[in-house]
Amino acid sequence: MDAHGHAHEMPWIRRYVFSTDHKIIAIQFLLMSLFFLVVGGLLAAMIRWQLGFPSEPMPGGMLLPDEMMAPTPAGAIMLPEFYNSLVTMHGTIMIFFAIMPLLVGVFGNLLIPLQIGADDMAFPRLNMASFWMAFPAGLLMLASFAVEGGAAGAGWTSYAPLSASGEYTGVYLGQQLWLISLTILGFASLAGAVNYITTIINMRAPGMTWFRMPLATWALFITAILILLAIPILAGALIMLLFDQTIGTGFFLPASDGEPLLWQHLFWFFGHPEVYILILPAMGITSDVLANGARKPVFGYHAMVLAIVSIAFLSWIVWGHHMFQSGMNPMLGTTFMITTMVIAVPSAIKVFNWLGTIYKGNIHLHTPMLHALGFVSMFIIGGLSGVFMASTPVDVYIHDTYFIVAHIHYVLFGGSLFAIFAGITFWYPKMFGRLMNEKWGRIHFWLTLILYNLVFWPMHSIGIQGHMRRIYDPTQYEFLQPLQPINQFITVCVFALVAVQAIYALNFIISIWKGKKAGNNPWHANSLEWTVPSPPPHGNFELVPIVYRGPYEYSAPDVEEDYWLQDAPPPRETAAPALEPQPVAD
Amino acid sequence: MSWMLPDSYSTFGPDVDFLYYAILVVTGIVFVITEALLVYFVIRYRRRDGQKATYIHGSTKAEIIWTTVPFIAVLGLAFISIPSWNMMKNPDSVPADALDYIVNAKQFEWEITYAGADGVTGTADDISTINIMHVPVNQAVNITLRSEDVLHSFFLPEMRVKQDAVPGMDITVWFEATAAGAYPIGCAELCGNLHTTMGGTLNVYEATEFDAWVASQSADADDADDADDQEDQ
Amino acid sequence: MSQPAASTADRHPMPGMMVYNVKLGMWIFLLSEVMFFTALIGSYIILRFAHPDHFAEPGAVLNVPLTAFNTFVLICSSVSMVKAYAAITQGDQKGLRFWLLVTILLGTFFVGVQVVEYIILAREGFVPMVELYGVAHEIEGAALYGATFYTMTGFHGTHVTIGILCMWFVLYRAWQGKYSADNYGAVEIMGLYWHFVDLVWIILFTIVYLI
Ligand code: HEM
Ligand SMILES: [Cu+2]
Ligand SMILES: [Cu+2]
């Protein structure tokens, strides 16, 4: 399989479509998940229209089929079953087809081989297969909107029995496609996880010890382990639910004394590790970018690694906090409350270490740094709101209200997505050879940060007033009617928030051709990806790099510059190990 | 936009609200300190050309402090939550003199049965209503929560009560209202297309009014169903 | 790029890390398989504890002696797999081919017996559905039992079948003489997978048939 040498003679289709090069696959995942991010955003805008202006004709609604929007003389009005599909598909698409592939598919593929000094993944063809499973799975998920009965409408959590039989919702095929699509995506994620773990364990360059790995790679490594162990649980549950739906088993159906709660246990046993799958890589990216922006070593590198590892362990024993009000034994509730409270501690440790990282720095506020700081400040809010829900008596009141919706979005939008913006902007040169525009990057950041908070901060408040989540028309409840102005305000801000993302999209697209040429190391960073051209050639490293130090030696007194590449030989001859850079040919 | 809870009218209210405000204070302090430090550091240590950042890798002492302090804080919050949780959700905590009810959830209504004076359901003095629950004030009520089809969640915001109804399970829910009045009932678990319509009303009566209500229902027990239907309009 | 970088397949692992990629990858993959069967077996245990009355006594519905024999056959196939592996580490091509074929035959026999067992059980009315053609399950309350039984054993059977297909491929390559005393990675990971599937069966047999 000596393809690398002939990279430039390969036909177009092998180089860009069915490529085995991890950098190309990263770009493929990037384009795919940005597409789904846009789709998910549009779904959210439709949800918000209905919430802000319940049962008023939706602008453009006439374009959608009558099964979704009921036509009236004044315009098309959203049907409740379509609303449920929107809520379900928004959550599903954002979590499984936008955030997860962005963090794991894009940054995992792009960064792991480059940061550990490998020429590619351990299994390049498996890597290609991973993308070519994930993408059709996403299309299948979208296609379910078009089938008889509409798309799945039981929430992204698809609680049984609502999801287990079409007779409750009228959705048959849509729910089945949902299950099949996620099963296929599960295979894609597993393929990725096996690849990442093997690559990191086996293919680190000489000198790249475990504790010289950048935290982004550390986080992706632990994330891959979580994926490896959590996704099969989901797959098992999905398959059982699919059997309930199709061949008529009764795992989760009370008609045969099946257990609806079993679905919840399986789902959240997967689901809580999953939410950390969605945040750990973001934390790693943030650490890399913060140290770079602050021109300082990451504060407490070992503590950071330890925090990631302990989060990963603890994430297996907290799933019950999603089920406090589910009818689970209250004693179990107490146990899960304690474990959940404890898992807030490593998150807190990470926040304090990030603050330590910028303390006494020499802070360059470039766009990635702004987004990384945005991540930290928003993740603080999301983590703290988690503590409210962890307290079981308080959760009685706020469970399944907009308070939870606020929490999810502070960790996933304010958290993961800001880190994704940071990461894309930071490593853009390693994908496209150029830098994104700084000015527009900053404008986009500030507008997003402000609008984002205008959208999600008030959701805490309406949640506290008792506003349930996933309701089609809040004005049906008299006690929620006074909150309607807030709902309208949120909706208007959502439209603005979605609109300003166009700035990022344009910046992203135009910079591919018009951006400033980046050179090897535009951010004056230390890790190995910055020692090679942007974008790196096929095979990445001309010589196997030799690593002499950790990735965060910013502002070290031993060198004049405020950065020190990981593979730069030490200044004193005596310190140099016997290793010499060697050509990679065998 | 406010972080204040709406008033509560049950014996759970003070507990839940106290815990909520305790957490609000603790997290509020952490929030203000961390965000303020973040902003302060960004301004104080902003870029100065020709200058290097201070080369520090960390501090074991700091790590120990900011591991143990949050650890103690969150465990403290967990432990003060336990008694209230047990009171609210443990079936053993239901007062012996509680009035018995059955709430049967189904797409898309609440079928509420008051067991009557004999405290036994399935007897002639049962009173069934749809979407309206009648209870006396200052008197514990003991609800057996059921579902006929899918999950629902029985939500009484002012009573600080929420419990999923699960088909195939009988779940005990109890509360004691502390002020007469009419309060909303909501469904907090997505249960299908018309989930949003699954609201209702909780009528909390003074003891005498409640007796009067019971009497009025028993008086025309034969056409009790018709009376319910009218009440729903 | 004066020096083309080596392709990944023949790249050496880090010094000291002598587990080569494919073998490590297989171990990692098997970990995820463990979790998959954990989900299925865990669900079975939970459902059975919740509704003991829906699950028949050992041997009441399932044919334990037949399956015990089948289990023995599968264990034998693990032994023959080891033999195949041992043969190729010595460079014994004939031994490799012979023992691979024996493994395939034993595996196929195992799956065959399973299929026959399924047919017999289904004829007796033991099916995974709550109702069949609108008629409630024939064996009173056994729908959960049927659903868990067929799902667990069915997924195991699928794994065995996939293993057999892969083994045909390995055998084909063995016939072409692709393996030798210093190139037997495919045989090794085939063996890992096969032993894993065997181990899962022993667990399944114990908890589904015996307990
Ligand atoms: C600081 C630690 C955290 C704590 C203590 C915490 C606690 C909780 C609790 C108790 C719930 C259940 C609330 C309910 O349904 O009543 C919840 C929901 C949720 N959390 Fe967190 N959380 C934390 C961090 C995170 C992070 C980092 C993420 C994701 C990146 C996350 C994502 C979610 C999501 C998506 C849900 C909602 C699931 C749903 O019902 O749809 N959480 N969290
Ligand atoms: Cu969770
Ligand atoms: Cu509902």
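All figures in this text were calculated on a predicted structure; none of them were measured in a lab.

## Quick look at the overall build of chain B
In step 1: Broken down by element type, chain B carries 4 helices and 10 strands.
In step 2: The C-alpha radius of gyration computed for chain B amounts to 25 Å, which surpasses the reference 17 Å derived for 233 residues by more than 25%, pointing to a less compact arrangement than a globule.
In step 3: When its C-alpha atoms are laid out on the principal axes, chain B stretches across 90 × 40 × 35 Å.
In step 4: Classification of the 233 residues of chain B by burial places 49% in the buried group.
In step 5: Where the 11 positive side-chain charges of chain B centre and where its 33 negative ones centre are 36 Å apart.

## Some remarks on the coordination of the copper ion (ligand 2)
Residue and element names in this part refer to chain A.
In step 1: Taken together, H272 (ND1), H321 (NE2) and H322 (NE2) make up the protein donors of the copper ion (ligand 2), found 1.8 to 2.1 Å from the metal.
In step 2: The sequence pattern formed by the donor residues of the copper ion (ligand 2) is H-x48-H-H.
In step 3: In this structure, the copper ion (ligand 2) lies 4.6 Å away from the iron atom of ligand 1. Taken together, the residues span a long stretch of sequence, with H272 in helix 7 (residues 260-277) and H321 in the loop between helix 9 (301-314) and helix 10 (330-358) at a distance of 49 residues.
In step 4: Given a relative accessible area of 4%, H272 falls into the buried group.

## Regarding the coordination of the iron atom of ligand 1
In step 1: For the iron atom of ligand 1, the protein supplies a single donor, A:H407 (NE2), at a distance of 2.1 Å.
In step 2: The topology assignment puts A:H407 in helix 13 (residues 402-432).

## Remarks on the interface of chain A and chain B
In step 1: Counting residues at the interface gives 100 residues for chain A, matched by 84 residues for chain B.
In step 2: Between chain A and chain B, a total of about 7,800 Å² is buried, with carbon and sulfur atoms accounting for 71% of that surface.
In step 3: Linking chain A with chain B are 0 salt bridges, by the criterion used here.
In step 4: For the pair chain A and chain B, the number of links is 29 residue pairs in polar contact (both at pLDDT 80 or more).
In step 5: Of all the secondary-structure elements, those providing two or more residues to the side of chain A that touches chain B are helix 3 (80-116), helix 7, helix 9, helix 10, helix 11 (367-390), helix 12 (392-398), helix 14 (438-464) and helix 15 (484-514) of chain A.
In step 6: Ranked by residue count, the leading element in the side of chain A that touches chain B is helix 10 of chain A, at 17 residues.

## Remarks on a positive patch on the surface
In step 1: There is a patch of like positive charges on the surface, built from A:K360, B:R44, B:R46 and B:R48.
In step 2: On the secondary structure map, B:R44 appears in helix 1 (residues 13-44).

## Details of the arrangement of the chains
In step 1: Of all 2 pairs of chains that touch, the greatest number of contacts is found between chains A and B.
In step 2: In this structure chain B stays clear of chain C, and the shortest span between their C-alpha atoms is 12 Å.

## A closer look at the site of ligand 1
Residue and element names in this part refer to chain A.
In step 1: What surrounds ligand 1 is a group of 22 residues, the closest being W156, D395, H399, H407 and R469.
In step 2: For ligand 1, an oxygen atom lies 2.5 Å from a polar atom in the side chain of D395.
In step 3: A distance of 2.7 Å separates an oxygen atom of ligand 1 from a polar atom in the side chain of H399.
In step 4: When residues of the shell around ligand 1 are traced back to their parent elements, those giving at least two are helix 7, helix 10, helix 11 and helix 13.
In step 5: The residue inventory of the shell around ligand 1, partitioned by class, reads 12 nonpolar, 8 polar and 2 charged.

## Notes on the environment of A:S391
In step 1: Tracing the sequence through the fold places A:S391 in the loop between helix 11 and helix 12.
In step 2: A C-alpha to C-alpha distance of 45 Å links A:S391 and A:F123, two positions 268 residues apart in sequence.
In step 3: If we skip the residues at most four places from it in the chain, A:S391 touches A:M337, A:M341, B:L19, B:I23 and B:S81.

## Examining the domain arrangement of chain B
Residue and element names in this part refer to chain B.
In step 1: Once the domains are mapped, chain B shows domain 1 (13-89) and domain 2 (95-232).
In step 2: Taken over C-alpha atoms, the centre of domain 1 sits 42 Å from the centre of domain 2.
In step 3: Counting residues at the interface gives 6 residues for domain 1 and 4 residues for domain 2.
In step 4: Carbon and sulfur atoms make up 38% of the area that domain 1 and domain 2 hide from each other, which totals about 460 Å².
In step 5: The largest share of the area that domain 1 buries against domain 2 comes from M87, M88 and K89, three residues that together contribute 66% of it.
In step 6: Taken together, domain 1 and domain 2 are joined by 1 salt bridge.
In step 7: Here D17 makes a salt bridge to R160, at a shortest N to O gap of 2.9 Å.
In step 8: Connecting domain 1 to domain 2 are 4 residue pairs in polar contact (both at pLDDT 80 or more).

## Some thoughts on the nonpolar core
In step 1: Formed by 347 residues in total, the largest nonpolar core has its most connected members in A:F96, A:F97, A:I358, A:F375, B:Y101, B:F175 and B:L202.
In step 2: Both domains that meet at this core, namely domain 1 (13-89) and domain 2 (95-232) of chain B, each give it at least three residues.
In step 3: Every residue in contact with B:F175, bar those within four places of it in the chain, is listed here: B:F12, B:Q139, B:A140, B:V141, B:I143, B:L156, B:M159, B:V161 and B:L202.

## A closer look at the sheet that holds strand 6 (residues 152-156) of chain B
Residues and elements named next belong to chain B.
In step 1: What the 5 strands build is an open sheet, ordered 4-10-9-6-7; its pairing is mixed. The open sheet has two edge strands with one neighbour each: strand 4 (132-136) and strand 7 (161-165). Across the sheet, the mean angle from the axis of one strand to that of its neighbour is 20°, orientation sign disregarded.
In step 2: Judged from the 2 bridges that link them, strand 6 and strand 9 (residues 181-187) form a sheet pairing that is antiparallel. Counterpart to F155 in the pairing with strand 9 is G186.

Conventions and cut-offs
- Residues numbered from 1 in each chain as written.
- Chains lettered and ligands numbered in written order.
- Predicted model: local features only at pLDDT ≥ 70, side-chain atom pairs only at ≥ 80, totals over all residues.
- Heavy atoms only, no water.
- Helix = DSSP H or I, 4+ residues; strand = E, 2+ residues; numbered from the N terminus.
- Rg over C-alpha atoms; globule rule 2.2 N^0.38 Å.
- Buried < 20%, exposed > 50% of the residue type's maximum accessible area, 1.4 Å probe, protein only.
- Lys, Arg positive; Asp, Glu negative; His and termini not counted.
- Charge placed at Lys NZ, Arg CZ, Asp CG, Glu CD.
- Donors = N, O, S within 2.8 Å, 3.2 Å for Na, K, Ca; no water.
- Contact = heavy atoms within 4.5 Å.
- Buried area = accessible area lost by both parts, 1.4 Å probe.
- Salt bridge = Lys/Arg side-chain N within 4 Å of Asp/Glu carboxyl O.
- Polar contact = N/O pair within 3.5 Å; in protein donor to acceptor, adjacent residues only side chain to side chain.
- Patch = residues over 30% accessible without salt bridge, like charges linked within 9 Å, V, L, I, M, F, W, Y side chains within 5 Å.
- Areas by Shrake-Rupley, 256 points an atom, 1.4 Å probe, with all protein chains shown as cover.
- Near = heavy atom within 4 Å.
- Nonpolar A, V, L, I, M, F, W, Y, C, P; charged D, E, K, R; others polar.
- Domains from an automatic or database assignment.
- Core = buried A, V, L, I, M, F, W, Y, C linked by side-chain atoms within 4.5 Å.
- Pairing = 2+ DSSP bridges.
- Axes fitted to C-alpha atoms, helices over the stretch in contact; angles between N-to-C directions.

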